[in-house]
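Listed here are the chains, written in short residue letters.
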Amino acid sequence: MKATNRAATQPLPKVATGIPGFDELSHGGLPRNRATLLEGGPGSGKTVFALQSLVNAARRRQEPGIFVAFEESSGQITANAASFDWGLPTLGRNKLFFLDAHLSPDVVHSGEFDLTGMLAMLKAKKEEIGAKWIVFDGIDVLLTLLQNPIAEMREIYRIRDWLADNEVNAAIITAKIDGDSSEIVNYGFLQFMADCVIRFERRLEHGVALHRLQITKYRGSDFVAGEFPVSFGPSGMEVDAPEPAEIQQVASSERVSSGIERLDTMLGGGLFRGSSTLITGVPGTSKTTLAGKFVEAACRRGERTLFVSFDEGAGRIARNLTSVGIHLKAHVGSGLLRMYSGRTETIGAEDQLVKLKALIREQRPRCMVIDPISAIAKSGGIAAARAVANRFIYLAKDEKITVMVTAINEGDQPETEATDLQISSIADTWIHLSYLIRSGERNRALTIIKSRGTWHSNQVRELVLSNAGPVLADVYTAGGEVLMGTLRWEKEGEEKAKTIQRRADFEHKRAELQVAEAETRARIRALEQDLNRQRAELAVYSSENEARIVSSSDREIELRRIRSADPSGRAATGIAPSRAKRRASVGSGNSGRKNKKEAHDAP
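Remember, predicted model here, so these are calculated numbers, not experimental data.

**Looking at the overall build of the protein**
- Of regular secondary structure, the protein possesses 17 helices and 24 strands.
- Counting only residues that meet the buried cut, the protein has 44% of its 603 residues in that class.
- Contacts in the protein between residues at least 24 apart in sequence constitute 71% of all its contacts with a sequence separation of at least 6.
- Accessible surface, the protein: about 31800 Å² in total, of which carbon and sulfur atoms supply 52%.

Structure representation (structure tokens):
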């Protein structure tokens, strides 16, 4: 059947395996009532896949199963599976029955051998426990013992006919591939007999062991083509299935704090909920500090948070962050924060992604940090690391997780801003940290390269660390240049000294003016006193003058009264005779002047 990457409604009945990721690849699981062949080299995961499918069916759907072991004993299989949390001993024989079918070569060669007796016993056991699943593990071991091609093919078709007559939900057959060959040794016809063929592979890339799974054949159904990473954890096998081809992500307008108030201001109000933030910089530029502040702010809001660090222990990170005022231990104790530290030297990038998915399922975080995500490129190759980094960013967005990842810039040009993982194009916000070396000292600087959907500052801010926490200093310019560190402190000292001098000059001038003002006020008070004195003198003089005027007026009135009282016109005081004399004198004077004039006029 031709493989496609498009999910569609499947007419072929299927049964789910319960293995994370595989049911998505196969669009539902294994074909119902048909045989599935698992092929691969030693240690590739065939037996784990088969047994995990049986356990999931027995526990989740109450469907009993039978496991026929041709290579290992049931005790060995149970012991090997003890590393997983399946709880095989608790299932009981009526839920999962193991049949030891490994045979000695002497038994097989002693006479004509076939599987009729074993298949008859399996039928009875199937009917007894109501088995819905059956596994033939290591069928190639049995065929090898037969050493007869005709007998080998006969027994294989005997098993096929038995499966057809005894309907089960799913039948799984496992067989080994020899070395680098893509064919099962001498039994290539098995691939044609099975309706579904799944290939497992274990190989080394850059010194790292990688497990891969590929569906090579699926009659009557489409599936997702390609190789996909397989990892093994406490719950068994997990396949890293790809995300849907169509991007359907919810865009939220809600803002969350980065943990640094001034950085929120530079971002136009903070980070968008469900967005991704990339912090780049050379080692020592405080990328982990910014990530820790973001985590602390999320925990203070009561949000479940996941902090993933690579190549450094969680305890050391929590201790180091305490020195800059970031305290995470209390949040770890409360369960809000989960801190996970992993190694990257021996684990491939794709296996790391599978682990990250498991951590997300367990913690269900709303905020998450990976520090540094560039560490996954240490093993497995840069191409795989780039693909995984991109897939993780998309995964976080699909899960509506606000994620912050850090990446280290390395190389001969530390001032470069790009990263080897090439995830800057899909990150919503990109913050770059750098060093500014000047005047014999190194200062940290922060700048926002991009922030989608929001206004953001284009300024370069100095990042200052102290026991009170990281702080972004205000922009300080002098002569059109941004100053940081000692240069800034010196310039601030100069400005402060100038300010103090200006203040002293102002105080001195103010004192002088205050003295002059006091003197002027004293003169004004003296003048006011002189003015008041002159006004008083004027008032006295005016009063006396008024009195004299009043007295003269009173005498005039009295004389008039007397005159009006004496009809002869003479006053008792002798004033009238005097006037008569003056009149007589006036009359004689006029006569004399007249006589003189006449004498002058005579000839």
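**Quick notes on helix α12 (residues 314–322)**
- By the burial criterion, the buried members of α12 are A314, I317, A318 and L321. All buried residues of α12 fall inside an arc of 95° around its axis, so they share one side. Exposed residues pointing more than 90 degrees away from the buried face of α12 are listed as G315 and R316.
- Looking at the buried residues of α12, the elements they touch are α11 (287–300), β15 (305–310), α13 (329–334) and β16 (337–342).

**Details of the packing of aromatic side chains**
- Counted under the stated rule, the structure contains five aromatic pairs.
- Summarising the aromatic geometry, the rings of F70 and F136 are spaced 6.4 Å apart at their centres and angled 20° between planes, so their arrangement reads as stacked. Of the two residues, F70 is situated in the loop between β4 (65–69) and α3 (74–81) and F136 in strand β6 (residues 133–137); the sequence distance between them amounts to 66 residues. Both residues of the pair, F70 and F136, count as buried.
- Aromatic rings pair up to connect F22, F49 and F200 into one cluster.
- Its end group placed over the ring of Y218, K14 keeps NZ or CZ at 4.4 Å from the ring centre.
- Between R255 and the ring centre of F272, over which it is positioned, the NZ or CZ distance is 4.1 Å.

**Focus: the sheet that holds strand β11 (residues 236–239)**
- As summarised here, the arrangement of the nine strands in space is β5-β4-β6-β7-β3-β8-β9-β10-β11, forming an open sheet in which the pairing is mixed. For this open sheet the edge positions go to β5 (96–100) and β11, each flanked by a neighbour on one side alone. When strand polarity is set aside, the average angle formed by the axes of neighbouring strands in this sheet is 25°.
- Sheet strands touched by helix α6 (residues 116–129): β4, β5 and β6. Its angle to β4, the strand with the most contacts, is close to 155°.

**Notes on the environment of A385**
- As for its placement among the helices and strands, A385 is situated in helix α15 (residues 382–398).
- Excluding anything up to four places from it in sequence, A385 contacts A349, I376, A377 and L421.

**Looking at the sheet that holds strand β14 (residues 276–281)**
- An order of β16-β15-β17-β18-β14-β19-β20-β21-β22 is seen for the nine strands of this open sheet, with the pairing classed as mixed. The strands lining the two open edges of the sheet, one partner per strand, are β16 and β22 (471–472).
- As paired elements, strand β20 (residues 441–451) and strand β21 (residues 461–464) share two bridges and run antiparallel to each other. Looking at the pairing, L446 lines up with R461 of β21.

**Looking at the side chain of S276**
- Along the chain, the position of S276 falls in strand β14.
- Setting aside residues up to four positions removed in sequence, S276 forms contacts with I393, K397, V403, I426, A427, D428 and T429.

**Quick word on the pairing of strand β19 (residues 429–438)**
- By the bridge criterion, four bridges tie β14 to β19 in an arrangement that is parallel. Counterpart to T277 in the pairing with β19 is T429.
- Direction of pairing for β19 relative to β20: antiparallel, over a ladder of 10 bridges. From the neighbouring strand, T429 faces β20, where its bridge partner is S451.

**So, the nonpolar core**
- Judged by nonpolar contacts, the single largest core of 41 residues is most densely connected at F22, F49, L51, F67, L88, I198 and L213.
- No other element matches helix α2 (residues 46–60), which puts seven residues into this core.
- Once residues lying within four places of it in the same chain are set aside, the contact partners of L88 are L51, V55, T78, A81, L96 and F98.

**Here's the deal with the pairing of β14**
- Counted residue by residue, β14 has six buried out of six residues, so it is predominantly covered.
- Where burial is concerned, the two faces of β14 agree: the one with S276, L278 and T280 and the one with T277, I279 and G281 are both buried.
- Relative to strand β18 (residues 402–408), β14 runs parallel, the two sharing six bridges. When the bridges of β18 are listed, I279 appears paired with T406.

**Quick word on the pattern of salt bridges**
- The final tally for this structure, using the stated rule, is 24 salt bridges.
- The residue R521 makes a salt bridge to E517 at a minimum N-O spacing of 3.0 Å. In this pair, R521 and E517 both sit in helix α16 (residues 485–565), four residues apart, roughly one turn of the helix.
- When its relative accessible area of 40% is taken as the criterion, E517 is described as partly exposed.

**A few points about the side chain of H432**
- By secondary structure assignment, the location of H432 is in strand β19.
- Taking the relative accessible area as the measure of exposure, H432 reaches 3% and is therefore buried.
- Polar side-chain contacts of H432 include one of 2.8 Å to the side chain of T280.

**Observations concerning the confidence of the model for the protein**
- The predicted model of the protein averages 80 in pLDDT, with 81% of residues at 70 or higher.
- Counting interchain partners and residues more than four positions distant, the pLDDT-below-50 stretch residues 4–8 has 10 contacts.
- Every residue in residues 571–603 is under pLDDT 50, and counting partners more than four places away or in other chains gives five contacts.

Thresholds applied
Residues numbered from 1 in each chain as written. Predicted model: local features only at pLDDT ≥ 70, side-chain atom pairs only at ≥ 80, totals over all residues. Heavy atoms only, no water. Helix = DSSP H or I, 4+ residues; strand = E, 2+ residues; numbered from the N terminus. Buried < 20%, exposed > 50% of the residue type's maximum accessible area, 1.4 Å probe, protein only. Contact = heavy atoms within 4.5 Å. Areas by Shrake-Rupley, 256 points an atom, 1.4 Å probe, with all protein chains shown as cover. Arc of directions from axis to C-beta. Phe/Tyr/Trp six-rings, centres within 6.5 Å; stacked < 30°, edge-to-face > 60°. Lys NZ or Arg CZ within 6 Å of the ring centre and 35° of its normal. Pairing = 2+ DSSP bridges. Axes fitted to C-alpha atoms, helices over the stretch in contact; angles between N-to-C directions. Core = buried A, V, L, I, M, F, W, Y, C linked by side-chain atoms within 4.5 Å. Salt bridge = Lys/Arg side-chain N within 4 Å of Asp/Glu carboxyl O. Polar contact = N/O pair within 3.5 Å; in protein donor to acceptor, adjacent residues only side chain to side chain. pLDDT = per-residue confidence, 0-100.

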